[in-house]
Amino acid sequence: MALTEGIILIVIGFIAGIINTVSAGGSLLTLPLLLFVGLPATEANATNRVAIVAQSITSIITFKQKQSLQLKRHAAIYIAAATGAVFGALSALSISDQVFVLILALTMITSIVFLIWNPIQAVDQSVILTPLVSFIGLALFGFIGFYSGFIQVGVGFYIMILAILLYKKSFAEATLIKVMIVGISVSLSLVIYAVNGQVNWLVGIVLAVGNIAGAFLGSRMVLGKHTQWIRIVLIVTVLILAIRLIIEFFS
């Protein structure tokens, strides 16, 4: 790894750590970056999780210092997501790099819609949490876990929407649920990818250095709610990266 690449990984990792903690979508920056520095698609997808696990641990520790993690209260949600993550990771190992790049580009473009629309602010919290709604919520969290294990990009958007819409959580509590689900699902999928030899540990650790610093700052930004500027920066950057991936795919 060249020194320049290492510095870029740390800087982008720092920005992604902030974004992942206060909102969602940090992997919209880091995963394309890993592809651009030369990692094969499956290896980039696996290596990206080293940094996410590190930042998740940092965020959880920081949140725990400020409020209760309420693990028992949300245990069913975490179990559903963890189960889905295992199947998602196994599925990702079976597709080609070219197909993965196309899926990533399309996912990034879809995520831009969420960034512009900002559905977290638009959800109606009047939904009554009946047993049926709760069951549907668990099923959806299981699917989200699958998605997280498969590609992970932008998964925080869907977690936040479900936590606020179906479970009527506050923004801060929904953020905690997101951090926990991402930490659990990505950790499990990382083990699966590592067992299959898909993780570049050196690149992942360098990226993690930036992510940890960003998560540390981001956890405090959530509590202070100074997060409005992030969407603008992320929308522009993701659009540029997605266009580049599509051009490379068809070329």
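Before reading further, recall that the structure is shown in the block above.
Residues numbered from 1 in each chain as written. Predicted model: local features only at pLDDT ≥ 70, side-chain atom pairs only at ≥ 80, totals over all residues. Heavy atoms only, no water.

**Description of the packing of helix α7 (residues 131-150) against helix α9 (residues 171-195)**
Thinking step 1. Viewed as axis vectors pointing N to C, α7 and α9 meet at an angle of 45 degrees, and their least axial separation amounts to 9 Å. Comparing their axes, α9 and α7 come out oblique. As α7 packs across α9, the resulting crossing turns out to be right-handed. Here α7 contributes Phe141, Ser148, Gly149 and Phe150 to the contact with α9, which in turn contributes Ile181, Ser185, Val186, Ser189 and Tyr193. (Axes fitted to C-alpha atoms, helices over the stretch in contact; angles between N-to-C directions. Helix = DSSP H or I, 4+ residues; strand = E, 2+ residues; numbered from the N terminus. Parallel < 35°, antiparallel > 145°, perpendicular 65-115°, else oblique. Left-handed = near helix turned anticlockwise from the far one by under 90°. Contact = heavy atoms within 4.5 Å.)

**Points about a nonpolar patch on the surface**
Thinking step 1. On the surface, a cluster of nonpolar side chains totalling about 520 Å² of accessible area is made up of Leu3, Ile7, Val11, Phe14, Ile15 and Leu217.
Thinking step 2. For Phe14, the position within the fold is in helix α1 (residues 3-22).
Thinking step 3. Residue Phe14 is classed as partly exposed on the basis of its relative accessible area of 31%. (Patch = residues over 30% accessible without salt bridge, like charges linked within 9 Å, V, L, I, M, F, W, Y side chains within 5 Å. Areas by Shrake-Rupley, 256 points an atom, 1.4 Å probe, with all protein chains shown as cover. Salt bridge = Lys/Arg side-chain N within 4 Å of Asp/Glu carboxyl O. Buried < 20%, exposed > 50% of the residue type's maximum accessible area, 1.4 Å probe, protein only.)

**Observations regarding the nonpolar core**
Generally speaking, soluble globular proteins have nonpolar side chains that are buried together.
Thinking step 1. In this structure, Leu104, Met108, Phe141, Ile151, Ile159 and Ile181 are the most contacted members of the largest nonpolar core, which totals 68 residues.
Thinking step 2. Among the elements that line this core, the one with the most residues is α9, at eleven residues. (Core = buried A, V, L, I, M, F, W, Y, C linked by side-chain atoms within 4.5 Å.)

**Section: α9**
Thinking step 1. Its 25 residues place the ends of α9 36 Å apart at the C-alpha level, agreeing with the 36 Å of an ideal helix rising 1.5 Å per residue.
Thinking step 2. Just downstream of α9, Gly197 is the residue with a positive phi angle, here 70 degrees. (Expected span 1.5 Å × (residues − 1).)

**Remarks on the environment of Leu241**
Thinking step 1. Relative to the elements of secondary structure, Leu241 occurs in helix α11 (residues 229-250).
Thinking step 2. Relative accessible area serves as the criterion here: at 15%, Leu241 is assigned to the buried category.
Thinking step 3. The sequence separation of Leu241 and Phe36 amounts to 205 residues, and the corresponding C-alpha distance is 9.8 Å.
Thinking step 4. Excluding residues that lie within four positions of it along the chain, Leu241 makes contacts with Leu28, Leu29, Pro32, Phe36 and Met108.

**As for unusual backbone geometry**
Thinking step 1. Although it is not a glycine, Gln152 sits at a positive phi angle of roughly 75 degrees.
Thinking step 2. Looking at the secondary structure, you find Gln152 in the loop between α7 and α8 (155-165).

**A word on the environment of Phe141**
Thinking step 1. Mapping Phe141 onto the fold places it in helix α7.
Thinking step 2. Sequence separation between Phe141 and Ile79 is 62 residues; the distance between their C-alpha atoms is 9.1 Å.
Thinking step 3. Once you skip the residues sitting within four places of it in the chain, Phe141 turns out to touch Ile77, Ala80, Ala81, Ile159, Leu162, Ala163, Tyr167 and Ile181.

**Brief notes about helix α2 (residues 27-36)**
Thinking step 1. Across the ten residues that make up α2, a large majority, nine, are buried.
Thinking step 2. Restricting attention to buried positions, one finds in α2 the residues Ser27, Leu28, Leu29, Thr30, Leu31, Pro32, Leu33, Leu34 and Leu35.

**Considering the packing of aromatic side chains**
For any pair of aromatic rings, the description consists of the separation of the ring centres together with the inter-plane angle of the planes.
Thinking step 1. All chains considered together, the criterion is met by two aromatic pairs.
Thinking step 2. The interplanar angle of 10 degrees and the centroid separation of 6.3 Å between the aromatic rings of Phe146 and Phe150 together place this pair among those described as stacked. Linking Phe146 with Phe150, this pair stays in helix α7, spanning four residues, or about one helical turn.
Thinking step 3. Note on Tyr147 and Tyr158: the rings are 5.8 Å apart at their centroids and 85 degrees apart in plane angle, and the pair reads as edge-to-face. Of the two residues, Tyr147 is situated in helix α7 and Tyr158 in helix α8; the sequence distance between them amounts to eleven residues. (Phe/Tyr/Trp six-rings, centres within 6.5 Å; stacked < 30°, edge-to-face > 60°.)

**Overview of the layout of surface pockets**
Thinking step 1. Computed from the structure, the second largest pocket encloses a volume of approximately 150 Å³.
Thinking step 2. Around the second largest pocket, the lining comprises ten residues; the ones closest to its centre are Ile12, Leu29, Leu33, Thr237 and Leu241.
Thinking step 3. Residue assignment for the lining of the second largest pocket shows that the elements contributing at least two residues are α1, α2 and α11.
Thinking step 4. Across the lining of the second largest pocket, the residue classes break down as nine nonpolar, one polar and no charged. (1 Å grid on protein atoms, 1.4 Å probe; cavity = no way out; pocket = protein on both sides within 12 Å on 5 of 7 lines; lining within 4 Å. Points joined across faces, edges and corners; volume = space filled by probe spheres on them. Nonpolar A, V, L, I, M, F, W, Y, C, P; charged D, E, K, R; others polar.)

These values are about where atoms sit, not about what they do.
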